[in-house]
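Next come the chains, spelled out residue by residue.
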Amino acid sequence: MPLMEAQLKTAREVLEARGKVDNDVVAVKLKSRRGSDAIVDLMTPLPESEWAAGFDVVRKASPEGLEVIRHSTAHVMADAVQKLFPGTKVTFGPATDNGFYYDFDRPGGTFSEDDLAKIEAKMREIIATKSPFKREKIERADAIDLFSKLNETYKVEWMSTLPPDTEFSVYRHGDWVDFCKGPHVPNTEFLAAVKLTAVSGTYWRGDERNPQLQRIYGTAFHSEKALEVYLKQLEEAKARDHRKLGKELELFAFDGTAVASPFFLPRGAKVYNRMIDYIRDVYVRHGYEEIITPQIYSTELFRTSGHLEAYAEGMYFAFAADDLQDEKKLGEIRAAILAPNKTEEQLAFLGKEVRGVKPMNCPGHCQLFSHRKRSYRELPWRCADFGRLHRYERGGVVHGLARVRTFCQDDAHIFCTPEQSEQEIIAFNTLLDEVYTAFGFTEVRIKLATRPERRVGADSLWDFAEKALEDALRKTNRAFDLAEGEGAFYGPKLEFHVKDAIGRSWQLGTIQYDFNMPARFDLKFIDNEGKEQTPVMLHRAIFGSLERFFAVYLEHINGSFPVWLAPEQVCLLTVTDKVDDYAKEAHALLKSRGVRANIDLSSDKLGAKIRNARNLRYPYLAVIGQKEAETRTLALRRGNEDLGAISLDDFAAKIASEAAFPRPQQKQ
RNA sequence: GCCAACCUAGCUCAGGGGUAGAGCAGCGGUUUCGUAAACCGCAGGUCGUGGGUUCAAAUCCCAUGGUUGGCUCCA
C-alpha cells in the first residue's frame, strides 16, 4: 500500500479514536473547507491535515444532516425505481431545500401517482435491510466502464464533462451503485421518515431541447415526527392559500373567458383600491407625480425600447378590422412576430404596421420624458403609473393572483442625473421601510444583484451604478447579500425580500438602475451650463405587482385585513327583530360617518350570526339587543375579545382613527 | 409549451357501465333567541366541451378547454 493512502483516515476512524461516534451523527463539517464541500460523510478518507484543521459533527436533525439524509433517500428511491421498472436510467438526484428529487429516463413510460405508492413501499423494504452505504474511490476509466456496462448513458455522458483532476467515487448500498460524490448517511437505518410527494416532467440538464425525463419528488426527515410537523406546515400553508381565501371571502374570481386574469369582486376591489390609494398617499409625501399612459402603442415604441426584439413572445398584439384587410401583409406580420431573431427589416416593418399592448410602463414613460425639452431643474422626476399591463404567460406557469396575464404594478420611474441617483436610492429605501411596516412585514432582506455576463453598457457605467446602490445601503447601515451576476442586462438592482407570517420569503420590491433605456430613447436634459446631458433612470416598485402582493399579503394575514384596509369594518348583529329599527338607524348613522358597516337582520340566532361574520373576517362585530337599543350603544367584539358597550359616536370616532392610512411617527 | 393528477348543484365533496346524491349557501315558512351552526319544506345538474366504444356512458377510450403540483437546485 502506498504511503499516502496509509495516512488517509475516515471521519468514522477519527471519531472512533476519540470515542465520539453517537448513532445520530451522519457526517462531519470540516473547518478547512467551505460551502457544500465542507460536509464529509463518515466513509470518506481524507489526509490528516484536513482533520487537524478541526471539524464539527453533523447530527441527523440539523439542516446539513437532513440534506445528507435526503440525498441518501434519493439513492434509495432510484434503487427502488430501477428494481420496479427495469430499463429505467438514472440521471441526477440531489437534495433540495425541502426534500429531494431524482430524474429518470424511463423508456416509453411515465410515472403516475399510483406508482409513487409502489416505489415508496419498495423503498421501505430497502431501508429495512439496514444496508450500509459504502464509498469507493474509482478511476475515471473504470467508472466509465462500470456505468457503460450498466447502460447508464447519462452518467457516462456526465463523467466525460468533468474536469481532468476530478476525484471519482461511487456509492453503494445493498446491490445498487451510483456515481456520486456524496456525502451519504452511514446506513439505510438513518432514513427513518420518507414520503414521495409528486411527479413531474423535466429535461436532461434542464434544457427543453434535451430528452424529456421523469422527475419524482420526495422528502425525508430524521424522524416520523419531524415529517409530520413538515406535512402539518404544508397543510397550514394550504389552509391560507390565497385562492381558497379569495373564494371564501368573495375577494376575486377567475373565469375561462379570460384565463389567468383575475376578476376582483366588490369586496376585493375595495381592498385593491385602498392599497392604491394608500400608495398615492405615500407618493404625495415622497415627491412622486402620477401619470396615466396608454394601453396600446405602435410597436415602434417597443422597437425603440428593445422589447419587440427581446420580449415579443411575452407580448399581446392588437389588431383592428382595418388592420386585417391585406392577407399578404398579415403573413409577413406573423412571420416577423414569430421570428426568434428578428432582422432590422422585420423590426422596422412591425414598428410601422403593428400595435402592441404594453407589457411594461417604462417605454411610455421614456416617450413622455422626451415629449418636450427637460431642464435639470425638473430632476429628479419621479413619475408613477398604475397602468394595467398585459403579458402572455405560458399556461403552465400561471398561478392564482401570484402569476397572471394582466396586472398592475405600483410602478414608478425616477429620471435623474447620475449624481442624484444615490440619494434617490436612499430615499426609496426609506419609503420601502414605511410601506412594509404599514403592512406588517417586519423582516426584510436586501439583495444587491450585480452585472451579469450578458449585458449592455460600458463597465464604467456598471461600476458607477453598482457603487451608487451599495453606498446607499452602507450609508444607511442596511445589511444586504451580494448576488453576483444576477443583475438585469441593462443595469444592477436591489431586490427586497420579505418574510411572511409563516416564514416564507417573497421578493416584492425592487429598484433597478438603468442607463440603457435613456440611451435607446436618446433622452436628454439641459444642465445648468446649457449643455445636453443624458439622465439615468431608476425603475422601482414597492409591491411589485398589485395582484401578486394581494396574494402574498392575503396569506400573510390569513384573510384578516386591518381596519384601514378591510372591505367591511364592522357587522351589526341583532339579537331579535324587536331591535331592527334601532339597528337600521345605527347602521345608517355609521355609514354617514364613513364607517364601512354591514348589518345582519336575518332571523338566525346570535351564535350563527357571529359565526358567519367571523368567517368573513370582519375586524369588529357589534351586537345589538334590547339593552343596546335602550342605551343607544353597541356591544363591541373584536375577534374573541369582548370590548363591552360603546356609544355610536365613540365607535364612529374609533373606526375613523383606525381607518386612516398608517403613517410613520411624526416628530412633533 | 412539456409531465402528472383533477373537473359532478353557487361552494365543499360522494358516486365510478343500468333512473344523478349529501352538507352548506339560495328561496318559502315556522322560530325572536345575548356571543362560532334553530327547525320544516322547496328549488337547483344534458356530471367542463366534442367525438367514439356499448343495448346502455357521469363512469371506458380519444381529442379539446380549464384547474392543480412540477419543469433553477446539478455525479
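See above for the structure.
Owing to the predicted nature of the structure, the values given are computational and were not obtained by experimental measurement. (Residues numbered from 1 in each chain as written. Chains lettered and ligands numbered in written order. Predicted model: local features only at pLDDT ≥ 70, side-chain atom pairs only at ≥ 80, totals over all residues. Heavy atoms only, no water.)

Draft legend 1. A look at the overall build of chain A. A tally of helices and strands in chain A yields 23 helices and 31 strands. For the C-alpha atoms alone, the extent of chain A along its principal axes is close to 95 × 75 × 60 Å. Buried positions account for 49% of the 668 residues belonging to chain A. Long-range pairs, those at least 24 residues apart, make up 71% of the contacts in chain A with a sequence separation of at least 6. Here chain A contributes 94 positively and 100 negatively charged side chains, and the mean placements of these two sets differ by 2 Å. (Helix = DSSP H or I, 4+ residues; strand = E, 2+ residues; numbered from the N terminus. Buried < 20%, exposed > 50% of the residue type's maximum accessible area, 1.4 Å probe, protein only. Contact = heavy atoms within 4.5 Å. Lys, Arg positive; Asp, Glu negative; His and termini not counted. Charge placed at Lys NZ, Arg CZ, Asp CG, Glu CD.)

Draft legend 2. Spatial organisation of the environment of Ala-61. With respect to the helices and strands, the residue Ala-61 is situated in the loop between strand S3 (55-59) and helix H4 (63-84). Since its relative accessible area comes to 47%, Ala-61 is described here as partly exposed. Residues Ala-61 and Leu-308, 247 residues apart in the sequence, show an inter-C-alpha distance of 51 Å. In contact with Ala-61, not counting residues within four places along its chain, are Leu-66 and His-222.

Draft legend 3. Broad picture of the pattern of salt bridges. For the structure on display, the rule yields 55 salt bridges. When the shortest N-O distance is used, the salt bridge between Glu-422 and Lys-475 registers 2.7 Å. You can see Glu-422 sitting in helix H16 (residues 418-438) and its partner Lys-475 sitting in helix H17 (residues 459-475), a full 53 residues away along the chain. Glu-422 gets classed as buried once you look at its relative accessible area, which sits at 19%. Given the relative accessible area of 56%, Lys-475 is considered exposed. For Arg-451, the salt bridge is made with Asp-459, and the minimal N-O distance between the two is 3.9 Å. Relative accessible area serves as the criterion here: at 39%, Asp-459 is assigned to the partly exposed category. Each member of the salt-bridge network shares a partner with another, and the members are Arg-451, Arg-455, Asp-459, Asp-463 and Glu-466. (Salt bridge = Lys/Arg side-chain N within 4 Å of Asp/Glu carboxyl O.)

Draft legend 4. Expanded view of the sheet that holds strand S28 (residues 597-600). With respect to topology, 5 strands assemble into an open sheet ordered S28-S27-S29-S30-S31, the strand pairing being mixed. The outermost strands of the open sheet, each flanked by one partner alone, are S28 and strand S31 (641-647). Neighbour-to-neighbour, the strand axes of this sheet turn through a mean angle of 25°, independent of strand direction. Where strand S27 (residues 570-574) lies against S28, 4 bridges are found, and the strand directions are parallel. Pairing of Val-570 across the sheet is with Ala-597, part of S28. The sheet strands contacting helix H20 (residues 580-592) are S27, S28, strand S29 (620-624) and strand S30 (633-638), and the helix crosses S28 at an angle near 165°. Strands S27, S28, S29 and S30 of the sheet are contacted by helix H21 (residues 606-615), whose axis makes an angle of about 170° with S27. (Pairing = 2+ DSSP bridges. Axes fitted to C-alpha atoms, helices over the stretch in contact; angles between N-to-C directions.)

Draft legend 5. Spatial organisation of the protein's contact with RNA strand B. Among the 58 residues in the neighbourhood of RNA strand B, the closest are listed as Phe-92, Phe-179, Gln-212, Ser-603 and Arg-611. A share of 52% is what sugar and phosphate atoms reach among the atoms of RNA strand B within 4 Å of the protein. Between RNA strand B and Ser-200 there is a distance of 2.9 Å, counted from a sugar or linking oxygen to a side-chain nitrogen or oxygen. For RNA strand B, a phosphate oxygen lies 2.8 Å from a polar atom in the side chain of Arg-243. Those elements that provide at least two residues to the surface near RNA strand B are helix H7 (153-161), strand S9 (193-203), strand S10 (212-221), helix H9 (242-248), H21, helix H22 (626-631) and S30. It is H21 that provides the largest number of residues to the surface near RNA strand B, a total of 7 residues. (Near = heavy atom within 4 Å. Polar contact = N/O pair within 3.5 Å; in protein donor to acceptor, adjacent residues only side chain to side chain.)

Draft legend 6. Geometry of the packing of helix H10 (residues 266-286) against H16. Close contact between H10 and H16 brings their axes to 11 Å; oriented N to C, the two are set at 150°. With respect to H16, the axis of H10 lies roughly antiparallel. The crossing of H10 and H16 is right-handed. Where H10 abuts H16, its residues Tyr-278, Ile-279, Val-282, Arg-285 and His-286 lie against Leu-431, Glu-434, Val-435 and Ala-438. Here the contact of H10 with H16 is composed, by residue class, of 6 nonpolar, 1 polar and 2 charged. (Parallel < 35°, antiparallel > 145°, perpendicular 65-115°, else oblique. Left-handed = near helix turned anticlockwise from the far one by under 90°. Nonpolar A, V, L, I, M, F, W, Y, C, P; charged D, E, K, R; others polar.)

Don't take any of this as a statement about function, it's just geometry.
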